[in-house]
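# Close look at the chain arrangement
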Amino acid sequence: MAAPSYSEDLTDIATGDEAAGWTNFSTNTQGSPSYQDSDYPYIQGSYAVTQTCSKSKTLGNLGYDNGSTITLPTDGAFLIWQNFSSPFAIDDYAGTATTYAGMHVLIGQDINNFGWWYVGGSDKSPNPYSGWQCHAVNTTVAFDTQTGTYTSDQVVGAGVALIAFPSKGEPHQVDAMRYGRCSAIFELGDSGNGYATIDGFASQNDVQTSRWGLIQVTSGGYLWQGRMLLGTGSNPVDFRDTNVNVFIKWCPKVTENFNLIEIQNINSYVSMTGFTFQVLDITTASRGRFLMSDPADVYLDQCTFVDMDTFVFDTTSGLNTVEITNTTFTRCGEVTQSEAVFDSCSFINCYSTSTIQASNLQNISNCAFTSDGSNHAIELDSNHAGGTYSLIGCTYNNYATSNGSTGNEPIYNNSGGHVTINVSGGDYPYYRNGPGSTTTIVQSIDWYFEIQNSAGTIVTNAEFRIYDSNGNQLYGVETSDGTELYSFDGSLSGTTARIVVLSLDYLYLSQTLTHPTTSNTASAPIVLTLTGDRVYDNPT
Amino acid sequence: MAKIVDPDFLNQGTEVTIDATNLTIALHIAGNLSTDGVSLKALYSFIKEEWRYDSTLIPVLFPFTPITDEQFELINGWDFADTASELLVRDGGWAVTQGGTTNKAFFNLTTLGSFQDSGSDTAYYIQAADQTAVVYTNLTGPVNQAIQYYAGAGYGDYDYSTYFKIFLREQGKTFDSYDLLSEQNLASLTYRKYALPLSNSSDANISASDNDIETDTGASYSSIVVTYYASPQTKTGFVQGSGNFHVIIDAGGQARGYVYEKIQYLLRQDADIDSGAGYSYGKTADELLQFVGSDLYTLLTSDGGVFIDNINADDTNNLYFVTDAGTTVYYPYVATGSIAFNDNLQNDADAYFWMFFTTNPSGDYGTANAVIVEDSSDSTANQIAGLVAGASAYQFTFDYDGNTQGGRTQGTDANVTIVAIGLNTAQYVSTTGTISRSKGQSFSLVAPLERNYSNPA
C-alpha cells in the first residue's frame, strides 16, 4: 500500500481565529465576543473568541451564525472547543445553583430560538482542574432546555452558567467549532512505510492547526471520541499497533453509535495487541462500539475493553480472518460473533442479555464467562439449528447451575432448532432453550492415563477398560500402548469410574475413581501402577 | 490325563465354566480334566487369560488375587461353584474373601512318599484332636487335595486352623500318620499348600488277617487287650528300675508277634478300643508298637507311656517299653553264647577250660587275681569253666545287665579270655573275645596236638 493516511470528516463552522462575526445568544448577560487576543487561552489556530464574565449567577455564551442550516450526518456531532479559566466559578453539571449545567452547547436557528445541551460543569472532568474541552453534541438528542423554539441548526455556540464571577479578564473562551460524523480516518499503511497507528493519528490530530478533538494525546494514553474509522470504502488500512491505552471520552449528548470503532474495506488489516479501551464515565451517551462493516482481517490479542458497548465482528468464509485472543471484555455489551474466532478470552459482567451472539459456537474456545447475574454467556443464533458443535475449555462463573429459563444460563439456544454441543474441558454448560429450540450437551472431559509398572516403565501390552457403576463399559482398548485418553460426557462428572487394567505379566488392577469435573493433561496423567504377577504362567 | 499344569489344556464350557452372573467357577471332569485335577496356578493363569481375551469377562471384577504360586484369594464375591470343583484343585490353597473378611479358607494337602497300593490305600484325617469320625481323602493313593479348615459365620462357622492330623492305616501294611501343626511347628494353618511325608509298605510283622484275629485263628488274639489309664501305672523289674505307664497292653501270654498284630488291628477300628473304663477311638489312637528287627518297642503316646504286661516268657529280652517320661526301659538282658572245642580238646579226657574277664577291677587275666566269668543260668554263682568231657561245645549264659563280678560295670560289654588245657592230646590254648548284648555269640578253642607230654606210670 502506502504510508498511512490520517484524516477526518469535519467541516469548520468557525475556527476562533476570526476577527468578527461571533455573537451572543439572547440569554447572555456577560461580555460580548472578543477576538484575536493571544493573551487569552486558545486551543486551535492562533486565537479563541473570548468574553468577560464579571456578573455572578448569570449566563454567558458565545456563538457563531453559520449563515445556513447545518445538517448533521447520522450519528455525527458538532464539536465545540470550550474553556473556562476559573472552573470554580461555574455551576455543576446538575445546575444546582442556576438550574443550568455549568457548561453547555447552544444550537438553534437564531440567537433567540435555540436549544441547550448540557455538556459539563464544575464536577465533570477535566474540572475542577479546568482545561479545554471538545464538546460533542448531536442535536437529534433531546435538548435539556430551550430558549424560544429550537427548530434547526444554524447558530452554534457554547455557554457557561456562573455561580461566581472573576472580575478581571475574559475567562470564557470558545475556539474551533466543527461538525460532521467526527471520523478519525485511518487509511493505508504498510511494513515499508509504517503501519497506521493510534499515535500516528493523534500526532495529526494534535497539530495546532488541526485540534480535531477526535484522538488526542493525554496523560497515560489517548483520549478518543467520534468514529475511529479503520479503512474506508476507498482505501484499506494496515493498522498494527501495540500497548495503547485509549480513554473513551464522556459524551453525554450524542447518539449511542457516536463513539465507534468501525472497520471498512475487505482489504483492511487491523491488529491490536495489548490495547485497552476504557470508558471514562459510564454516564456517557456513547460507550463506544466496535463494528466491522466489511470482512477485513482483524486480530485482537491481549486487549482489554472496559465498559464499552456492543461489538460486531464480520467474517466471511474464505475472505478474511477475525481472531480475538486473550482479550478481556469487562462490563461491555453484546458481542456479535459473525464467525469470528474467540480463544482464551474473558467476558466479565456483560450487561446485555447475552454476552456473545454466536453464529458459530465452534469458534469459541477456552473462554471464561462471568455473569452479572442475568446474562447468558453464549446465545446461539439460527445458524446453529440442527447442528453439532464443539465447545472447548470454556468456564462459567455465577451462572445458573441447571437448565432453565432464568436468563442466566450459560447457553441460550435461540436457534429455533436442535443443537448438539460437544463440550471438551471447561465447565458443563447448562442451557436455556428458546422457542422451538432443543439442546443436547455432550460434555467431553479429557482424562489421560498412563500405565506403568513399579519401576516406572510404561506397560504397552495391557488391556485397559473403564466401566460405570453398573458394569457398562465406558471406554476400552484390547491392547493399550501405555497411554490412554478417555474423553467423557461431563454429565458423568462425579460418578464412579472403575478402571480395569490387565496384562498377563502383571496383577489384575481394578481401581475405582470418580469422574472428574475438569480435564487433566497428557503431561499430568493418572498413573496406574501395575504390580508384577509372579504367579501367572503358561509354559507352552 | 495327568494333572493339568498348563492353562492351554483348559477351555471354557468344557473343563471350566465361568459364571459371571453368580460369580462362580466350576470345574468339570471333561475334556482334558480328569480326577487328577488342575493346579491352582494353572487355573489362575487360565482365568487371567480368559479375562484378558474374553470381552464378556473383562467388565466383571477379577476373581483372584495371587499371593504365591500356592496361595490365592478368591475375591469380589467369587467362589468355586461346588465341592466337586474344589476337590479338583491341586497344589494350592485359597481363601474366599469379601471386603476383607474371610468367609472360607482351604489349604492344600500334598503327601510325599508312596502308598503301596495307590488304587486302594486311602488316607484319612481329623481336624480336631477329639474328633471321633475320620474323613477319608477324596481319592485313593497319595494325597493332593484342598481341605477346608475355616468357615465364617453364615458359611458353616468353624475354625479348624489349629489342628490337623492325617493317618494312613491299611491292613497288613505299615502305619503312618502326621500331625501337621506339631510336626511343622505351626501356630495355625493358613490357605496355602502343605507338603508332608506319608507312606506305607508291606508290614512283614503281620501275617494274620482281620478274620484270623477276629476268630482267634492261630493265636488267642482275644486275650490281647489294651487299657488306657487315667492315672499312671507303676511297673518294676527293669534294668532301669521302675517306670510309670498310662497305657497297658495285656499280652495274654501271647508271643509278641501276635500282640503286634492285634494292636495294629485295633488301631484300624472304627470303635472304642479301650478295654477299660475309658474311651479311645481306634482309627485315631496313637500308634503303640513298633518292631525294630525282632524286638518289639512300645511308643510314647499322647496318653503316656505304653507297657506290655503278661508277656510270653520267651519275649523277655525282645521287649522295650517307653515310660510316661519317655524313657525306654527293658528287662535285664541275658546274653548267650557257646564255646567250641576242637578235636584235640574233645579227645583229651583231662581237657579243662576257663573263661576269665580279660580286664576286671579285681584282677585282669594273666594275674593271680583274675576273675572267672559266671554263668547266669543259676541263681548261685556258677563259673564258666569245667572239663571238656568230649563235648564239641559248651553253652553259656551271661547276665549282661546284672553281672558285677569284681566290681565291673553291669550292662556293658565284657572282654573275655578263654583258656583250655589237656594232658595227652591237647596243648594249652587261649582265645579272646567280647560278650555283647546279644544272643548266640560264638567262641572257639583250637588246641594244638600234644606230642610231648609224658607221664609214664
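Now for a quick tour of the structure. (Residues numbered from 1 in each chain as written. Chains lettered and ligands numbered in written order. Predicted model: local features only at pLDDT ≥ 70, side-chain atom pairs only at ≥ 80, totals over all residues. Heavy atoms only, no water.)

## Remarks on the interface of chain B and chain A
- Facing the 22 residues of chain B at the interface are 26 residues of chain A.
- Of the roughly 1900 Å² buried between chain B and chain A on both sides combined, carbon and sulfur atoms contribute 55%.
- Counting the contacts that link chain B with chain A gives three salt bridges.
- Residue D533 of chain A is joined to K48 of chain B by a salt bridge in which the shortest nitrogen-to-oxygen separation is 2.8 Å.
- Linking chain B to chain A there are 18 residue pairs in polar contact (both at pLDDT 80 or more).
- For the side of chain B that touches chain A, the secondary-structure elements that each account for two or more residues are α1 (40-53) and β4 (64-68) of chain B. (Contact = heavy atoms within 4.5 Å. Buried area = accessible area lost by both parts, 1.4 Å probe. Salt bridge = Lys/Arg side-chain N within 4 Å of Asp/Glu carboxyl O. Polar contact = N/O pair within 3.5 Å; in protein donor to acceptor, adjacent residues only side chain to side chain. Helix = DSSP H or I, 4+ residues; strand = E, 2+ residues; numbered from the N terminus.)

## Describing the packing of aromatic side chains
- One pass over the structure, following the stated rule, counts 74 aromatic pairs over all chains.
- For the pair F311 of chain A and F313 of chain A, a centre-to-centre distance of 6.4 Å together with 20° between the ring planes defines the contact as stacked.
- Its end group placed over the ring of Y93 of chain A, K124 of chain A keeps NZ or CZ at 5.6 Å from the ring centre.
- The ring of Y333 of chain B carries the charged tip of K439 of chain B above its face, separated from the ring centre by 4.5 Å. (Phe/Tyr/Trp six-rings, centres within 6.5 Å; stacked < 30°, edge-to-face > 60°. Lys NZ or Arg CZ within 6 Å of the ring centre and 35° of its normal.)

## Considerations on empty space enclosed by the protein
Residues and elements named next belong to chain B.
- Using the criterion set out here, one finds two cavities of 30 Å³ or more in the structure.
- For the lining of the largest cavity, the secondary structure elements donating two or more residues are α4 (210-214) and α5 (256-266).
- The element that contributes the greatest number of residues to the lining of the largest cavity is α5, accounting for three residues.
- Tallied by class, the residues present in the lining of the largest cavity amount to five nonpolar, three polar and four charged. (1 Å grid on protein atoms, 1.4 Å probe; cavity = no way out; pocket = protein on both sides within 12 Å on 5 of 7 lines; lining within 4 Å. Points joined across faces, edges and corners; volume = space filled by probe spheres on them. Nonpolar A, V, L, I, M, F, W, Y, C, P; charged D, E, K, R; others polar.)

## Notes on the pattern of salt bridges
- Enumeration according to the criterion identifies 25 salt bridges over all chains in this entry.
- Residue E463 of chain A is joined to R52 of chain B by a salt bridge in which the shortest nitrogen-to-oxygen separation is 3.3 Å. With one member in each of two chains, E463 of chain A in strand β39 (residues 463-467) and R52 of chain B in helix α1 form a pair that bridges those chains. When sorted by exposure, E463 of chain A lands in the same class as R52 of chain B, which is buried.
- In the salt-bridge network here, residues are joined through shared partners; they are E463, R465 and E478 of chain A together with R52 of chain B. (Buried < 20%, exposed > 50% of the residue type's maximum accessible area, 1.4 Å probe, protein only.)

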